[in-house]
There are 2 protein chains.
Amino acid sequence: MSGAERLIYLPLGGAGEVGMNAYVYGWGAPGKERLILVDLGVTFPDMDTTPGVDLIFPDMSWLIERADRLEAIVITHGHEDHIGGIAHFWQELRAPVYCRRFTGHLARAKMEERGNDPEQVHVVEPFPAVLEAGPFGISFLPVSHSIPESSALVIDTPAGRVVHTGDFKLDGAPVVGEPFNAELWHEVAADGVKALVCDSTNVFVETPGRSESTLVNNIADLVRKSSGMFVATTFASNIARVKTLAEAGHAAGRSVCLMGRAMLRMVQAGRETGVLADFPPVIGHEEAEDLPRENLMLIVTGSQGERRAATAQLSRGKYLGLELAEGDTFLFSSKTIPGNERGVLRIVNAFSERGVNVVDDSSSLYHVSGHANRPDLEAVHELMRPEMLIPMHGEHRMLRRHAEAGEAAGIVSIIATNGTMLDLSGARPVVCEHVETGRVYLDGVLKIGALDGVVRDRIRMALNGHVMLSVIIDEDDEPLGEPWAEVTGLAETGRSGAPLVERIEAEGAQFLSRAADKVLIDDDKLESGLRRAVRQVAVEEIGKKPEVTVVISRLA
Amino acid sequence: MSGAERLIYLPLGGAGEVGMNAYVYGWGAPGKERLILVDLGVTFPDMDTTPGVDLIFPDMSWLIERADRLEAIVITHGHEDHIGGIAHFWQELRAPVYCRRFTGHLARAKMEERGNDPEQVHVVEPFPAVLEAGPFGISFLPVSHSIPESSALVIDTPAGRVVHTGDFKLDGAPVVGEPFNAELWHEVAADGVKALVCDSTNVFVETPGRSESTLVNNIADLVRKSSGMFVATTFASNIARVKTLAEAGHAAGRSVCLMGRAMLRMVQAGRETGVLADFPPVIGHEEAEDLPRENLMLIVTGSQGERRAATAQLSRGKYLGLELAEGDTFLFSSKTIPGNERGVLRIVNAFSERGVNVVDDSSSLYHVSGHANRPDLEAVHELMRPEMLIPMHGEHRMLRRHAEAGEAAGIVSIIATNGTMLDLSGARPVVCEHVETGRVYLDGVLKIGALDGVVRDRIRMALNGHVMLSVIIDEDDEPLGEPWAEVTGLAETGRSGAPLVERIEAEGAQFLSRAADKVLIDDDKLESGLRRAVRQVAVEEIGKKPEVTVVISRLA
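Analysis parameters
Once a new chain begins, its residue numbering starts again from 1 and follows that chain's sequence as written. To read the labels, note that chains go from A and ligands from 1, taken in the order they are written. Confidence filtering applies because this is a predicted model: local features only for residues at pLDDT of at least 70, side-chain atom pairs given and counted only at 80 or more, and all residues used for totals across whole chains, interfaces and linings. Computation of side-chain values: all heavy atoms of the structure, hydrogens and water removed. Secondary structure counts use DSSP, requiring at least four H or I residues in a row for a helix and at least two E residues in a row for a strand, with both numbered from the N terminus. Type-normalised accessible area, obtained with a 1.4 Å probe on protein chains alone, sets the label of each residue: buried when under 20%, exposed when over 50%, and partly exposed for intermediate values. Throughout, a residue-residue contact means that at least one pair of heavy atoms, one from each residue, lies within 4.5 Å. Charged residues are defined narrowly, with Lys and Arg counted positive, Asp and Glu counted negative, and His plus the chain ends left uncounted. Taken as the charge centre is NZ of Lys, CZ of Arg, CG of Asp or CD of Glu, depending on the residue. The convention used is that axes are lines fitted to C-alpha atoms, helices contributing only their stretch in contact, and that angles between N-to-C directions extend from 0 to 180 degrees. The labels follow the angle: roughly parallel below 35 degrees, roughly antiparallel above 145, roughly perpendicular from 65 to 115, and oblique for the rest. When residues are sorted by character, Ala, Val, Leu, Ile, Met, Phe, Trp, Tyr, Cys and Pro go into the nonpolar class, Asp, Glu, Lys and Arg into the charged class, and all the rest, Gly among them, into the polar class. Under the pairing criterion, centres of Phe, Tyr and Trp rings, with the six-membered ring standing for Trp, must be within 6.5 Å; the plane angle then separates stacked pairs below 30 degrees from edge-to-face pairs above 60, leaving the rest tilted. Comment: the charge-over-ring label is applied if NZ (Lys) or CZ (Arg) is within 6 Å of the ring centre and within 35 degrees of the ring normal. When DSSP finds two or more bridges between a pair of strands, those strands are recorded as paired. Directions pointing from the helix axis toward each C-beta atom define the arc. Here the quantity called buried area is the accessible surface, traced with a 1.4 Å probe, that two parts lose on coming together, added over both. Definition used for salt bridges: Asp or Glu carboxyl oxygen within 4 Å of a side-chain nitrogen of Lys or Arg. Residues adjacent in sequence count toward polar contacts only when both atoms are side-chain atoms; beyond that, a polar contact is any pair of N or O atoms within 3.5 Å, and within protein one must be able to donate a hydrogen and the other to accept it. The term nonpolar core refers to a set of buried residues drawn from Ala, Val, Leu, Ile, Met, Phe, Trp, Tyr and Cys, joined through side-chain atoms within 4.5 Å. Handedness of a crossover is defined as follows: orient the strands so they point away from the viewer, and if the path from the first strand over the helix to the second runs clockwise, the crossover is right-handed. For every residue, the predictor states its confidence as a pLDDT score lying anywhere from 0 to 100. Multiplying one less than the number of residues by 1.5 Å gives the expected span of a helix. When the copies are overlaid, the least-squares fit takes in C-alpha atoms only where the residue has pLDDT of at least 70 in both copies.

**Brief notes about the overall build of chain A**
Secondary structure assignment for chain A yields 17 helices and 28 strands. Put simply, chain A has 556 residues, and 58% of those count as buried. The contacts in chain A between residues at least 6 apart in sequence include a share of 70% that link residues at least 24 apart. Of note, chain A has its 54 positive side-chain charges centred 3 Å away from the centre of its 80 negative side-chain charges.

Next comes the structure, spelled out in structure tokens:
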């Protein structure tokens, strides 16, 4: 069997989290499969686990080592968790990138930004057009989501047809992008589906999904009822929502102004590619300044509480000449992503202090999700009747719940988390290999490994503070002068009432005065002894064990 | 008017957040009021804003400066956000502490732990007994909450009666503590209430509160349906829930084992004070190890994802000899506090990987809140019909919404956040002073100010990393040898491919070689020049601007 050709599936990211999607498919003899990569996304750092990090990527080492076998990089849609890593890894992967027009527009800009050739991004037509990539025939099946031209992938392989859903919902009127088309899905499934690799984001939501188009009247009513300025926020990349908001504002008779760079860039991209040709007219912020506030609606970035985005700036004061006041209304037309609650609440409370009425999505009137809920997923399971279901795009608990739903419908289902390679060639999926995976951080301009200790050291400094102790050893291996300490992130004065640096320096001096010659000539011994001395005095004085850097300068 | 005696209200903590409650009342001529303090609680740090901090207190400076006028410290109940700061400030406040028996038990332990005299804590009887404290007569009115002997305070003053609710809900069968007693509240309100100072935590919840007693059957049913081990978590200080869980486990025929130090301590305190005399029998963890897992129910600490608590340890592996396995059930009988979502989800996913079924409170079957919801608050407004309503215990948005509810009922309502002193003597509350307030951090064994820069420096090191550069200047004000760099929390190698420390040292050496004499003799100039040089090379090499400590050692 080992020499027989096989169909493999290997998630490198996205299967075990919501974010940084990256899925590999391969066909060929073991170790010689021709490969394609579906999506290469990012996820976002947080202060708890990744302070100072700019972006988080999946560890692509496995694929980079096999880049010579990579036929194509295929992108399902333009959200950052699917497209955000392309330009950061293209130099190492060097395969052509394929996607639809709007996604291509975003991908090319990203390639250019990082000095890659934008011509490596190729625009493809949707299903039934077929992209040939090595042993694979790939069709981009239009699906409804919250950004234009989102696609599932119909991947025809020598072992049968795989349907990789990408992000999707079942929306008959999604405001932007193509509506859900059951007939098209039937057509795709007609000759049998080997494997359905399926979005799991909303598997815990037990009610059927609602259409984006249900929101516009609710929001327009809210705008009409509001007396002051009306401001709404959502993800800039939720282009459907941006359009819904703009249409609602327009319907309520207000002039609409977009604010925040990401928002302007997205709508611009939509206009340039024709997918937002019918976007309502908008005004610039200078013009907005001159309008009576009750005639104005702003649509702004920062729905997740991002400190530098328009929402946060408006909560603190003036932004681009506009300032919220008593009686204005602020709408969060968005869901708060777990982990962002405190930041969002900080903003809500700042608005409350200004007398601004804040409306969130708790009523369900002003926000719908872009992902399929459990009943919708179950409907798709039935539509496709695949031989096997492989849940993706979700935390472990979601993959698990989704697999349970598949099994309940009599479909063989398997949980394959990042690094789990499945052989899909047979009647049932088989785990055939475990690949080392993980995360890579963009830190400034560098990519650093999640486990190389850089971020761990930052967290330690943040928790414990930092002490630097410098000593000079002269030509005769004797201490020269007194040690010198600097502390950062620690109290200046401890229990004794003396400055902490002085206590540390005194303790260091005492250690040196008592140190044996064999310690004084040995940097390692000297360093560890001094570190211990510093920690001990810090515990006595302030009750903390700081990170300690000992600098030994030897006059040679 | 300035010489007339007046009744003042001054929140120092708790009015603008949920946590660190501390409310001052005073009566007397302005600046000479005799004072009482109601509660002195803590709030908890997070990595975003307070890394490395152990606890957060309100800034008590205003009261400490006036400690000679403080008649009493009165504690409504034993939750940390009401009692946790008592022992940390007692030396500076030195007033007798009054509370009911169970709260006193906890308070005394806290006093002893920090070397204070536990005899300063005095146990009082509930309403109608009256504690005389200067110009105030204070009664502890039993209210239903989630910890035994919770009390509202009926504070009689020369200007009239103030009712300070503390934390409460309207529960006719609260499992522990006294049930809500409408007649008692009527009696309190009969002769008129000047001001109702009222819990605002749940003002956004629009359904009437549910009784703790509704849970036991739901939970027992869930336990009966579960085949493997059953584990439930809640706040250790939610003693009502701990008892509900134990009773449900018992009713389902399981042996119950409590795990986690806080849990054991709380139940112990309840037993010792008699308020948990009817707590079901429990077994120790050694005994639990020997039982078949389907006969066992654990009740454990760590519902908020705390990394060292029992729940987190069980999600990672063995804890006190017990380990969860495929088919076991884990119940979060708790609400996740905003900010803790990621930590809790990390644990849920870890359980999912072990095949453990996780049940959370999304069904509302297994958790109820300990606070009054909006309809309950409105009922209390009607019961009391106070002259004025002062919302407390809540974020600004909650205080605001609560004040709106009061105004809608025709009650004069005012938002007074931390530091806002109100004069309650007249028919309407009047803001008479703004007091400097803020937060104080317990950091190791020290109290440090929130604004003194210590935590800011930690956050900067966490975001930017840290570089230490050491140079030696000899007796002739010339550099001696080469500069020496150490980096922490930064990548080892930058864009040039050379080690970052070497590039920094080379840049430092170059700066020194070009430095004019007037720079070399001036520590400030030398330091700022070197810092700039280090930052510049760091930006070139790694694209980050690190925190820089420059150490200049002069051989005198």
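**Notes on the packing of helix α5 (residues 182–189) of chain B against helix α12 (residues 374–384) of chain B**
All names here are of chain B. It is at 9 Å that the axes of α5 and α12 come closest, and there the two elements cross at 45°. For the element pair α5 / α12, the angle class is oblique. For the pair α5 and α12, the contacting residues are A182, W185, H186, V188 and A189 in the first and V380, L383 and M384 in the second. Residues that form the contact of α5 with α12 fall into these classes: 7 nonpolar, 1 polar and no charged.

**A closer look at the packing of aromatic side chains**
All names here are of chain A. If you walk through the whole model with that rule in mind, you get 14 aromatic pairs over all chains. With a centroid separation of 5.6 Å and 45° between ring planes, the pair formed by F168 and W185 is classed as tilted. With F168 in the loop between β12 (160–164) and α5 (182–189) and W185 in helix α5, the pair connects residues that are 17 residues apart, well separated along the chain. On the basis of relative accessible area, F168 is assigned to the buried category, the value being 0%. Owing to a relative accessible area of 1%, W185 belongs among the buried residues under this scheme. An aromatic cluster of three or more residues is present, and its members are Y9, Y23 and Y25. The ring of F89 carries the charged tip of K447 above its face, separated from the ring centre by 4.0 Å.

**What about unusual backbone geometry?**
Residues and elements named next belong to chain A. Here the bond from F127 into P128 is cis, since omega is 10°, no more than 30 degrees from zero. Within the element layout of this structure, P128 appears in the loop between β8 (121–123) and β9 (131–133). Positive phi, close to 70°, is recorded for D39, a residue that is not glycine. One can find D39 in the loop between β4 (34–38) and β5 (55–58).

**Some remarks on the sheet that holds strand β26 (residues 466–473) of chain A**
Within a sheet, neighbouring strands are paired by backbone hydrogen bonds and run either parallel or antiparallel to one another. All names here are of chain A. The 3 strands lie next to each other as β27-β26-β28, forming an open sheet whose pairing is mixed. The sheet is open, and its two borders are formed by β27 (484–488) and β28 (547–554), each paired with just one other strand. Neighbour-to-neighbour, the strand axes of this sheet turn through a mean angle of 15°, independent of strand direction. Here 5 bridges tie β26 to β27, and the two strands are oriented antiparallel to one another. When the sheet's bridge partners are listed, S470 is paired in β27 with W484. Here helix α15 (residues 500–514) sits on the sheet in contact with β26 and β27, set at roughly 140° to β27. With respect to the sheet, helix α17 (residues 523–542) is in contact with β26 and β28, its orientation differing from that of β28 by roughly 140°.

**A few points about the sheet that holds strand β17 (residues 329–332) of chain B**
Residues and elements named next belong to chain B. Strand order in the open sheet formed by 5 strands is β15-β16-β14-β17-β18, and the pairing between neighbours is parallel. Of all strands in the sheet, those bounded by a partner on one side alone are β15 (255–259) and β18 (357–359). Here the average twist between neighbouring strands, direction ignored, is 20°. In this structure, strand β14 (residues 230–233) lies alongside strand β16 (residues 296–300), joined through 4 bridges in parallel fashion. Across the sheet, V231 pairs through a bridge with L298, a residue of β16. Together, β14, β15, β16 and β17 form the strand contacts of helix α7 (residues 239–251), whose direction differs from that of β16 by roughly 175°. Along the sheet, helix α8 (residues 261–272) makes contact with β15 and β16, crossing β15 at roughly 110°.

**A word on helix α14 (residues 454–464) of chain B**
Residue and element names in this part refer to chain B. Three or more residues of α14 are buried, namely V454, V455, R458, I459, M461 and A462. Projection of α14 onto a plane perpendicular to its axis shows the buried side chains occupying an angular sector of 160°, all on one side. At the C-terminal side of α14, G465 shows a positive phi close to 75°.

**Let's talk about the environment of G343 of chain B**
Residue and element names in this part refer to chain B. If you trace the backbone, G343 turns up in helix α11 (residues 341–354). With a relative accessible area of 17%, G343 lands in the buried category. Note: C-alpha distance between G343 and G305 (38 residues apart in sequence) is 4.9 Å.

**With respect to the interface of chain A and chain B**
Of the residues lining the interface, 61 residues belong to chain A; the matching set on chain B comes to 61 residues. Each partner contributes to the roughly 5,300 Å² buried at the junction of chain A and chain B, and carbon and sulfur atoms together form 61% of this total. The tally of links from chain A across to chain B stands at 4 salt bridges. A salt bridge links D443 of chain A to K544 of chain B; the shortest N-O distance between them is 3.1 Å. The tally of links between chain A and chain B comes to 30 residue pairs in polar contact (both at pLDDT 80 or more). Breaking the side of chain A that touches chain B down by element, the ones donating at least two residues are α11 (341–353), α13 (396–408), β25 (446–449), α14 (454–464), β26, β27, α17 and β28 of chain A. Per-element accounting of the side of chain A that touches chain B gives the leading share, 8 residues, to α11 of chain A. Residue composition of the side of chain A that touches chain B, grouped by class: 25 nonpolar, 20 polar and 16 charged.

**Some remarks on the nonpolar core**
Ranked by size, the top nonpolar core spans 67 residues in total, and within it I504 and L526 of chain A together with I504, L526 and L530 of chain B carry the most contacts. Not counting the four nearest positions on each side in its chain, I504 of chain A is found in contact with V467, L469, A485, V487, V534 and V537 of chain A.

**Quick notes on the pattern of salt bridges**
Residues and elements named next belong to chain B. Throughout the structure, instances matching the rule amount to 64 salt bridges over all chains. Measuring nitrogen to oxygen at the nearest pair gives 3.4 Å for the salt bridge that ties R374 to E206. You can see R374 sitting in helix α12 and its partner E206 sitting in the loop between β13 (195–199) and α6 (215–225), a full 168 residues away along the chain. The partner of D328 in a salt bridge is R293, with the nearest N and O atoms 2.5 Å apart.

**Some remarks on the pairing of strand β17 (residues 329–332) of chain A**
Residues and elements named next belong to chain A. Because side chains alternate across β17, one face comprises the buried residues T329 and L331, and the other comprises F330 and F332, equally buried. As defined by bridge partners, strand β14 (residues 230–233) adjoins β17 across 4 bridges and the pair is classed as parallel. Paired with T233 across the two strands is F332, which belongs to β17. Summarising the sheet, β17 and strand β18 (residues 357–359) pair through 3 bridges and their orientation is parallel. Within the sheet, the bridge partner assigned to T329 lies in β18 and is N357. After leaving β17, the chain enters α11 and then returns to the sheet as β18, a path that is right-handed.

**Let's talk about the confidence of the model for chain A**
Confidence in the prediction of chain A, expressed as mean pLDDT, is 96, and 99% of residues score 70 or more. This complex was scored by the predictor with a pTM of 0.95 and an ipTM of 0.94.

**Some details on helix α7 (residues 239–251) of chain A**
Residues and elements named next belong to chain A. For α7, with 13 residues, the first-to-last C-alpha span of 18 Å sits near the 18 Å given by 1.5 Å per residue. By the criterion of burial, α7 is predominantly enclosed, with 10 of the 13 residues buried. Along α7, the positions that sit buried rather than exposed are I239, A240, R241, V242, K243, T244, L245, A246, A248 and G249. After α7 finishes, the residue G253 shows a positive phi value of roughly 85°.

**A closer look at the relation of the copies chain A and chain B**
It takes a turn of 180° to lay chain A on chain B, together with a shift of 0.0 Å along the axis; the resulting RMSD is 0.0 Å. Given the turn and translation reported, the copies of this chain are related as if by a two-fold rotation axis.

**Notes on the environment of M384 of chain A**
Residues and elements named next belong to chain A. With respect to the element layout, M384 can be found in helix α12 (residues 374–384). Sequence spacing of M384 and P429 is 45 residues, and the spatial spacing of their C-alpha atoms is 17 Å. Sequence-distant contacts of M384, that is, excluding residues within four places in its chain, are made with V163, W185, V188, A189, V193 and L196.

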